[in-house]
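The primary structure of each chain is shown beneath.
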Amino acid sequence: MTKRLAILGCTGSIGQQTLDVVRAHPEAFSVTALAAGSNASLLSRQIQEFGPKLVWLGDQQVHLEATRPFQRQVGLQGLLELVADPDVDLVVIATGGKAGLLPTLAAIRAEKRIALANKESLIMAGEIVMAEAQKHGVQIQPIDSEHSAIWQCLHGESVERVRRILLTASGGAFRDYPPERLAQVTPEEALRHPTWLMGKKVTVDSATLMNKGLEVIEAHWLFGVGYDLIQVLIHRESIIHSMVEFVDGSIKAQLSLPDMRFPIQYALTYPNRLPNTLTRLDLVKLGKMTFEEPDLTRYPCLRLALAAARQGGTYPTVMCAADEEAVNLFLAGRIRFTAIAQLVQQVLEAHQGLAHPDLDAIMAADQWARERCLALAR
C-alpha cells in the first residue's frame, strides 16, 4: 500500500532528499502534508508538484503561490494537528533545532510511525520522547546515516549481546588543519565538507565534531545502550556509516557511498527494501578504508558533548542550545571558529542542572542557555 507522508522541514537538505526518494517511487509514497520554516518559493513549487492536502509555513504573513488546492495550517497548533492528521501514515521530522521536539511528541501521541532526522528531539528530551514512544507503541526509525547503520546492524540481534557501538565520523572540513590555524578559519571554509552535502548547522557541527557528540546521545536513547558502550572513530572515507561489535567478537557494519538518500529510503520503506538508481559502492575502486581515534584536545566540542551526556538531566539540552547559538554567531562572522567550544563550555559551567526535567523545565533550560550564550558573546 502507498504510504502517506507528512514531511516537516521539506525545504531543507533532508526534506528535499526525502522528496527525491518519493519522486523515485511514486507507486510507494504520496505526500499528505508539507511543512517548512521560511522558504516560501521552494515550498510553493513542492505544493505544485506533490499536491499535499495540508501545508504549514512558519512565516504566516507570506503568500504561497500554487494553483493546486491545499489547506494551510497556522501556528504551532496547526503544525501539531498536521502531524496527527488521519491521512498521515508516517511523519518525517527533518526540521533543525528544538522546532522538532513538540511535533515529534505530537506524532508519537497520535501513534504515527516516525522517521527522525532531528537530533535535538532526543538530545533535549530523550527520556520523555522514548517513554512516550514506548507508551504508545511507536517505533522511531532513524534517518541519520550513523543511526540507520546501527539500526540495520541490530536487526535480528539482542541489545544485551552488544559489546560496543562504533560511531564513525568523517572528521569534518578541518581534520588536517594544524591547531593554530583553526582560529582563522572562515564560515565559507567550514561549510566545505569533504564528503557530505548537508545543511549549514550540521556541517559546522561536523567540523567541530559536536555532531558526533550529539549522535552518541541519540544512539544512547534510540538503542538503549550505555555511554560506556559507544565509541567514536574517525573514518575519512565515510563509507562505513557505523558498526556494532557483539560479545562474541563479531562486527557488523553497514556500508554505502555517502548519500543521505540511502538511509532516508530505508527509513521510509522499512521493513521492506526497494531498488533505486543511486550510485553503488565499488569496493575495488575504493581500495582501502582508514580509522583513527578522535583527539579530544583538537575537538573540544566532542569532549564537552560526551561530558554533558554523562551528566544527563538538563545538561544535554543546555549544551545543544548553546552550540546552536554559538554556531549561528560563527556563521554571522561575530565569533571565531574556536570560540564555539569556548562559549559552550562557559554556558555549561554556569548551569545548575536538573536530573529528571519535565518538558517545561527542558524548555526553560533551553531558553536560559541561549540567552546566556548570547550574553557571553557580547
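The structure under discussion appears in the preceding block.
Please read these numbers as outputs of a predicted model, since none were measured by experiment.

Right, let's talk about the overall build of the protein for a bit. Scanning the protein for helices and strands turns up 15 helices and 11 strands. Relative to the compact-globule value of 21 Å for 378 residues, the protein shows a C-alpha radius of gyration of 20 Å, a close match. Dimensions of the protein along its principal axes, counting C-alpha atoms only, are 55 × 50 × 40 Å. Across the 378 residues in the protein, those meeting the buried criterion constitute 55%. Considering only residue pairs separated by 6 or more positions, the protein has 66% of its internal contacts joining residues 24 or more positions apart. Accessible surface for the protein amounts to roughly 16,500 Å². Of this, 51% is attributable to carbon and sulfur atoms. Placing the 37 positive and 41 negative side-chain charges of the protein at their respective mean positions leaves the two points 3 Å apart.

So, on to the environment of Asp59. Inspection of the secondary structure puts Asp59 in the loop between β3 (54–57) and β4 (71–73). For Asp59, a relative accessible area of 35% puts it in the partly exposed group. For the pair Asp59 and Ile128, spaced 69 residues apart in the sequence, the C-alpha separation amounts to 29 Å. In this view, Asp59 contacts Gly37 and Arg72; residues no more than four positions away in its chain are not counted. A polar side-chain atom of Asp59 sits 3.1 Å from the main-chain amide nitrogen of Gln61.

Quick look at helix α10 (residues 261–269) now. Where burial is concerned, most of α10 is hidden: eight out of the nine residues are buried. Of all the positions in α10, only Phe262, Pro263, Ile264, Gln265, Tyr266, Ala267, Leu268 and Thr269 are classed as buried.

Time to look at the pairing of strand β6 (residues 113–116). Regular strands place their side chains on alternate faces of the sheet. The sheet contact formed by strand β5 (residues 90–93) and β6 spans four bridges and is parallel. Residue pairing across strands places Val91 opposite Ile114, the latter belonging to β6. Once the chain exits β5 it traverses helix α4 (residues 101–109) before rejoining the sheet at β6, and the crossover so formed is right-handed. Where β6 and strand β7 (residues 140–142) come together, three bridges link them in parallel fashion. Within β7, the position partnered with Ile114 by the bridge is Ile140. Note that the unit made of β6, helix α5 (residues 119–136) and β7 has a crossover that is right-handed.

What follows concerns the packing of aromatic side chains. Going through the model one piece at a time under the given rule, you end up with six aromatic pairs. With 5.0 Å between their ring centres and 70 degrees between their planes, Trp151 and Tyr266 make a pair best called edge-to-face. Of the two residues, Trp151 is situated in helix α6 (residues 145–153) and Tyr266 in helix α10; the sequence distance between them amounts to 115 residues. Across this residue pair, the class does not change: Trp151 and Tyr266 are buried. Their ring planes at 55 degrees and their centres at 4.9 Å tell us that Phe174 and Tyr177 sit as a pair that is tilted. A residue is classified by how much of its surface remains accessible, and Phe174, at 2% relative accessible area, is buried.

Another point: the packing of helix α13 (residues 315–331) against helix α14 (residues 339–350). Where α13 contacts α14, the two axes come as close as 9 Å, and the packing angle between them is 145 degrees. Considering only the axes of α13 and α14, their crossing is right-handed. Of the residues in α14, those touching α13 at Tyr315, Val318, Met319, Ala322, Asp323, Ala326, Val327, Leu329 and Phe330 are Ile340, Leu343, Val344, Val347 and Leu348. The class makeup of the residues in the contact of α13 with α14 is 13 nonpolar, no polar and one charged.

With that settled, consider the pattern of salt bridges. Two side chains bearing opposite charge may form a pair once their charged atoms approach each other closely. Inspection of the entire model under this criterion finds 25 salt bridges. Here Asp20 and Arg23 are joined by a salt bridge, their closest N and O atoms 2.8 Å apart. Here the residue Asp20 and the residue Arg23 both occupy positions in helix α1 (residues 13–24), the gap between them amounting to three residues, near one helical turn. Given a relative accessible area of 29%, Asp20 falls into the partly exposed group. By relative accessible area, which is 40% here, Arg23 ends up partly exposed. Between Arg370 and Glu324 there is a salt bridge, with its nearest N and O atoms 3.1 Å apart. With a gap of 46 residues between them, Arg370 in helix α15 (residues 359–377) and Glu324 in helix α13 connect regions that are remote in the sequence. Of the two residues, Arg370 and Glu324, neither departs from the other in class, the shared state being buried. Here the salt bridges share partners, and the residues they tie into one network are Arg4, Lys53, Asp85, Asp87 and Asp89.

Take the sheet that holds strand β9 (residues 230–234) next. Ordered in space as β9-β8-β10-β11, the four strands form an open sheet in which the pairing is mixed. Taken across any chain shown, the strands that pair with only one partner, and hence form the sheet edges, are β9 and β11 (251–255). Each adjacent strand pair in this sheet contributes to an overall mean axis angle of 20 degrees, direction not counted. Sheet analysis places strand β8 (residues 162–169) next to β9, joined by five bridges and oriented parallel. Opposite Leu166, over in β9, you have Gln231 as the bridge partner.

Rules of the game
- Residues numbered from 1 in each chain as written.
- Predicted model: local features only at pLDDT ≥ 70, side-chain atom pairs only at ≥ 80, totals over all residues.
- Heavy atoms only, no water.
- Helix = DSSP H or I, 4+ residues; strand = E, 2+ residues; numbered from the N terminus.
- Rg over C-alpha atoms; globule rule 2.2 N^0.38 Å.
- Buried < 20%, exposed > 50% of the residue type's maximum accessible area, 1.4 Å probe, protein only.
- Contact = heavy atoms within 4.5 Å.
- Areas by Shrake-Rupley, 256 points an atom, 1.4 Å probe, with all protein chains shown as cover.
- Lys, Arg positive; Asp, Glu negative; His and termini not counted.
- Charge placed at Lys NZ, Arg CZ, Asp CG, Glu CD.
- Polar contact = N/O pair within 3.5 Å; in protein donor to acceptor, adjacent residues only side chain to side chain.
- Pairing = 2+ DSSP bridges.
- Right-handed = clockwise from strand over helix to strand, strands pointing away.
- Phe/Tyr/Trp six-rings, centres within 6.5 Å; stacked < 30°, edge-to-face > 60°.
- Axes fitted to C-alpha atoms, helices over the stretch in contact; angles between N-to-C directions.
- Left-handed = near helix turned anticlockwise from the far one by under 90°.
- Nonpolar A, V, L, I, M, F, W, Y, C, P; charged D, E, K, R; others polar.
- Salt bridge = Lys/Arg side-chain N within 4 Å of Asp/Glu carboxyl O.

So yeah, pure geometry; function would need other evidence.
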